Amino acid sequence: MSTKPMIVQVGPLHGPTQDELARRYDVRRLFEATDKAAFLAAVAPQCQVAVTSGTRGMEASLMQALPQLKLVACFGVGVDAIDVAHAHANGIAVSNTPDVLTEDVADLALALLLGAIRRIPQGDRFVREGSWLKGGMALTASMQQRKVGIVGLGRIGVAIAKRCAAFNTELAYFGPREKPASGLRYFADLVAMARWSDVLIAACPGGEGTRGLVSRSVLEALGPAGVFVNIARGSVVDEAALTELLTSGALGSAGLDVFEREPQVPAGLIALDHVVLHPHQGSATHDTRAAMGRKVLENVEAWFAGRPLIDPV
Ligand code: 8YV
């Protein structure tokens, strides 16, 4: 019998964080259990804390199988895969890992945008395939003076805006409410912002509230020269419409870090040469993942010590 407090680890995590959790707690790994029902029955009487990733999340039925559960600590800022409403209605707190990943995610948004506009993956292929030996690569669009519309001016949206300003862009944002302190142009209508924009960057939270927000009409309004960048969640865009419009040329190009059914990426997107695809790596740097891990540990520690959570959701 372990004397350490018990934790259920729902899915695999960043290795060093997983190791540190195992050092401090009696960690029971649900994802390694062959008989999930027997596993849950064994841990249910004691388990008050569960740790999960933003990708795996935690559904209501799993919370129900752990009736003593009091905290779900999420490794990630996005909690759209966690049934937060169910948790809160049942006295279960939820924590996440904001702030520490903001800058890396914003960096990746700009990398995808520049990659798409300046056709960097295509240039890489052009050199490797020996095409350069037969002549120069075609000219590309410029990032300079582009109109950039940011969907969701939260922490990550603000960090993206800061970076875009360095490229002499014009900036605007769409969100549930105006943020006058930002000093940026606000659109209450996303289609209107897409019509104004050369580039649309999704940086809003995922979940039911934003599902399909970047709709077919929004993408059509962005138009044949428009670039769509998504570092938010695959669910915020109508992926079928995105694929169709990129294929027909009704939308210019895209830089995508997230997809609706990761790690599945629609074959229609994979077939497109002018789309930059990335495997959900926004926060995936050594430093940031370590900082996210520290936040998970701090939140769990605060809960066991009876202190307020550092990052309550
Ligand atoms: C991670 C993320 O990919 O924080 C988020 O919301 O999407 C990413 O940082 C994920 O949570 C890691 O499990």
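About the cut-offs
- Every residue gets a number counted from 1 within its own chain, in the order that chain's sequence is written.
- Local features in a predicted model are, by the rule used here, given only for residues with pLDDT of at least 70; side-chain atom pairs are given and counted only at 80 or more, and totals for whole chains, interfaces and linings are based on all residues.
- Only hydrogens and water are set aside when side-chain values are computed; all heavy atoms of the structure are taken into account.
- By the criteria applied, helices consist of DSSP H or I runs no shorter than four residues and strands consist of E runs no shorter than two, each listed in order from the N terminus.
- Here a polar contact is recorded for every N or O atom pair within 3.5 Å, except that within protein the pair must consist of a potential hydrogen donor and a potential acceptor, and residues adjacent in sequence are included only if both atoms are side-chain atoms.
- The contact rule is simple, with two residues in contact once any of their heavy atoms fall within 4.5 Å.
- In this scheme, a residue with accessible area under 20% of its type's maximum is buried, one over 50% is exposed, and one in between is partly exposed, where area comes from a 1.4 Å probe on protein chains only.
- Following DSSP output, two strands are said to pair if at least two bridges run between them.
- Axis angles are defined between N-to-C directions and span 0 to 180 degrees, where every axis is a line fitted to C-alpha atoms and, for a helix, only to the segment in contact.
- Note on definitions. A residue lies near a molecule or strand when any single heavy atom of the residue is within 4 Å of it.
- We call Asp, Glu, Lys and Arg charged. Ala, Val, Leu, Ile, Met, Phe, Trp, Tyr, Cys and Pro are nonpolar, and the rest, Gly among them, are polar.
- This arc corresponds to the set of directions leading from the helix axis out to the C-beta atoms.
- Expected helix span is computed as 1.5 Å times (number of residues minus one).
- Residues belong to a common nonpolar core when they are buried Ala, Val, Leu, Ile, Met, Phe, Trp, Tyr or Cys residues joined through side-chain atoms within 4.5 Å.
- How far each domain reaches was decided by an automatic or database domain assignment.
- Any pair of Phe, Tyr and Trp rings, taking the six-membered ring for Trp, is counted once the centres come within 6.5 Å. Such a pair is stacked with planes under 30 degrees apart, edge-to-face with planes over 60 apart, and tilted for the rest.

(A) Representation of the side chain of Asn96 in the model. Structurally, Asn96 can be placed in the loop between strand E5 (93-95) and helix H5 (102-117). Polar contacts involving the side chain of Asn96 include one to the main-chain carbonyl oxygen of Val77, which spans 3.0 Å. When sequence neighbours within four positions are dropped, the list of residues in contact with Asn96 reads Cys74, Gly76, Val77, Val79, Asn299, Asp311 and Val313.

(B) Representation of the environment of Phe75. Residue position: Phe75 is located in strand E4 (residues 71-75). Since its relative accessible area comes to 7%, Phe75 is described here as buried. Taking the C-alpha atoms as reference, Phe75 lies 20 Å from Asp107; in sequence the two are 32 residues apart. If sequence neighbours within four positions are ignored, Phe75 has contacts with Leu13, His14, Thr17, Thr52, Ser53, Gly54, Thr97, Arg289, Met292, Gly293 and Val296.

(C) Highlighting the environment of His274. Turning to its location among the elements, His274 is positioned in the loop between helix H11 (267-270) and strand E12 (275-277). Distance in space between the C-alpha atoms of His274 and Gly255 is 9.0 Å, their sequence separation being 19 residues. Excluding anything up to four places from it in sequence, His274 contacts Arg119, Gln122, Leu246, Gly252, Ser253 and Ala254. A polar contact of 3.4 Å, which involves the side chain of His274, links it to the backbone oxygen of Gly252.

(D) Up close: the sheet that holds E12. Strand order in the open sheet formed by seven strands is E8-E7-E6-E9-E10-E11-E12, with parallel pairing between adjacent strands. On the outer flanks of this sheet lie strand E8 (185-187) and E12, each paired with one strand and no other. Along the sheet, successive strands turn relative to each other by an average axial angle of 20°, direction set aside. The sheet contacts of helix H7 (residues 155-165) involve strand E6 (147-151), strand E7 (170-174) and strand E9 (199-202), and relative to E6 the element is tilted by about 170°.

(E) Representation of the site of the ligand within the structure. What surrounds the ligand is a group of 13 residues, the closest being Val77, Gly78, Arg233, His280 and Ser283. Contact distances for the ligand include 3.4 Å between an oxygen atom and a side-chain N or O atom of Thr55. Contact between the ligand and Phe75: an oxygen atom at 3.1 Å from a main-chain N or O atom of the residue. Per-class residue counts for the shell around the ligand are four nonpolar, seven polar and two charged.

(F) Just helix H2 (residues 36-43), in detail. When H2 is considered as a whole, its buried residues turn out to be Phe39, Leu40 and Val43. Axial view of H2: buried residues confined to an arc of 95°, hence all on one face. Set apart from the buried face of H2 by more than 90 degrees, the exposed residues are Ala37, Ala41 and Ala42. Contacts from the buried residues of H2 go to strand E1 (6-9), strand E2 (26-29) and helix H3 (60-64). The distance from a side-chain oxygen at the start of H2 to the backbone nitrogen of Ala37 is 3.3 Å, and the residue carrying that oxygen is Asp35.

(G) Summary view of H5. The first and last C-alpha atoms of H5 sit 23 Å apart over 16 residues, in line with the 22 Å expected at 1.5 Å per residue. Extensive coverage of H5 is indicated by the burial of twelve of its 16 residues. After H5 finishes, the residue Arg119 shows a positive phi value of roughly 55°.

(H) Here's a closer look at the nonpolar core. Of all hydrophobic cores here, the largest spans 43 residues; its most connected members are Leu113, Ile160, Ile201 and Val300. Per element, the largest residue contribution to this core is nine residues, and it comes from H5. Taken together, domain 1 (6-99 + 287-305) and domain 2 (102-277) each give at least three residues to this core, which thus spans both. Apart from the residues lying within four places of it in its own chain, the contact partners of Ile201 are Ala109, Leu113, Val148, Gly149, Ile150, Val151, Ile160, Cys164 and Val229. By size, the runner-up hydrophobic cluster in this structure holds 30 residues, among which are Phe187, Leu190, Ala254 and Leu272.

(I) Spotlight on the packing of aromatic side chains. Across all of its chains, the model carries four aromatic pairs by this definition. Ring geometry for Tyr25 versus Phe304: centroids 5.3 Å apart, planes at 25°, classification stacked. Here Tyr25, found in the loop between helix H1 (15-24) and E2, pairs with Phe304, found in helix H12 (residues 286-304); they are 279 residues apart in sequence, far enough to count as distant. Under the relative-accessibility criterion, Tyr25 is labelled buried at 7%. Aromatic side chains Phe187 and Trp196 sit 5.7 Å apart centroid to centroid with 45° between the ring planes, which places their arrangement in the tilted category. Among the residues examined, Trp196 registers a relative accessible area of 14% and is labelled buried. Through a chain of ring-to-ring contacts, three or more aromatic side chains come together here, namely Tyr25, Trp303 and Phe304.

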